[in-house]
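Structural overview for review
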Amino acid sequence: MQLTVPGEADERSLMIEQAVEAVKAGDKQSYEIIIKRFQRQIYTYCFYILKDHTETEDAVQEIFIRAYANLHRYGSSTSFSAWLYKMAYHHLINLKKQQSRWLRLVEHYKEQQRQEQVPPGESVTSELMACLTTEERHILLLKAVEQYTFEEISGIMGIKANTVRKKYERLRKKLLERAGQKGARMHGTISGANKTS
């Protein structure tokens, strides 16, 4: 987790809001600021859902294209970050719906055949993520990695905040049980993330 200097997050948010307004006013070049700021985060988010680098790259590109095309709909009642993640969430849901069950099974088989050596910590994480549903992965990534509040996740996913909180608690228990079964050391990353808003 990156440490931030007090006021740095506010400064970055202001910079993004200014870039958004510039793009809305016709300065297409300012969109590059937005892409540079969020590309890596959106890529990571998409990869944990899609689990394929090529699909992830395509999804990220499509999300930024759609965000650009719909920028006029963005209002500052929510953070730009939450608005972008909401767009990413809905795009990923649509992608998952489009994939047929058969294609997923074929891809899973191919992935197992060409699986490379993965560092032990990474394989444990991958195994734990694999036991979660797509919806649970979205909630975990938005809460534990991106550190959105339950209210913000509610806005992104279109689910009541209390429902998000309950689902988060359930997925935490599921992960802790699975980690216990695997004998993995969680170093407090899952167990320590439950007390936030």
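The rules behind each value
- Residues numbered from 1 in each chain as written.
- Predicted model: local features only at pLDDT ≥ 70, side-chain atom pairs only at ≥ 80, totals over all residues.
- Heavy atoms only, no water.
- Helix = DSSP H or I, 4+ residues; strand = E, 2+ residues; numbered from the N terminus.
- Buried < 20%, exposed > 50% of the residue type's maximum accessible area, 1.4 Å probe, protein only.
- Contact = heavy atoms within 4.5 Å.
- Axes fitted to C-alpha atoms, helices over the stretch in contact; angles between N-to-C directions.
- Parallel < 35°, antiparallel > 145°, perpendicular 65-115°, else oblique.
- Left-handed = near helix turned anticlockwise from the far one by under 90°.
- Nonpolar A, V, L, I, M, F, W, Y, C, P; charged D, E, K, R; others polar.
- Expected span 1.5 Å × (residues − 1).
- Arc of directions from axis to C-beta.
- Salt bridge = Lys/Arg side-chain N within 4 Å of Asp/Glu carboxyl O.

1. A word on the overall build of the protein chain
Scanning the protein chain from N- to C-terminus turns up 9 helices and 0 strands. Along the protein chain, helices and strands appear, N-terminal first, in the series α-α-α-α-α-α-α-α-α. When burial is assessed residue by residue, the protein chain has 34% of its 197 residues classed as buried. Within the protein chain, contacts between residues separated by at least 24 positions form 61% of all contacts whose residues are at least 6 apart in sequence.

2. Here's the deal with the packing of helix α2 (residues 31-50) against helix α7 (residues 134-145)
The geometry of a pair of packed helices is captured by two quantities: the angle between their axes and the separation between those axes. Here α2 crosses α7 at 155°, and the two axes come no closer than 10 Å. Judged by the inter-axis angle, α2 sits roughly antiparallel to α7. With respect to the hand of their crossing, α2 and α7 are arranged in right-handed fashion. Between α2 and α7, the contacting residues are Y45, Y48 and I49 on the first element and T134, R137, H138, L141 and L142 on the second. Class assignment for the residues of the contact of α2 with α7 results in 5 nonpolar, 2 polar and 1 charged.

3. A closer look at the packing of helix α4 (residues 80-98) against α7
For the pair α4 and α7, the least separation of the axes is 12 Å and the interaxial angle reads 160°. Our classification of the angle between α4 and α7 gives roughly antiparallel. Remark: the crossing between α4 and α7 carries right-handed chirality. Residue-level contacts link Y85, Y89, L92, I93 and K96 of α4 to T134, H138 and L142 of α7.

4. As for helix α3 (residues 53-69)
Between its first and last C-alpha atoms α3 spans 24 Å; for 17 residues at 1.5 Å apiece the expected length is 24 Å, and the two agree. Buried within α3 are the following residues: T56, A59, V60, I63, F64 and A67. Looking down the long axis of α3, one finds its buried residues gathered within 130° of arc, a one-sided arrangement. α3 presents T54 and Q61 as exposed residues on the side facing more than 90 degrees away from its buried surface. For α3, the elements touching its buried residues are α2 and α4.

5. Quick look at the pattern of salt bridges
Pairing is possible between side chains of opposite charge, provided their charged atoms come close. By the definition in use, this model includes 6 salt bridges. Residues K167 and E135 are paired through a salt bridge, measuring 2.9 Å at the closest nitrogen-oxygen approach. Here the residue K167 occupies a position in helix α9 (residues 161-182), and E135 occupies one in helix α7, the gap between them amounting to 32 residues. With relative accessibility at 29%, the residue E135 sits in the partly exposed group.

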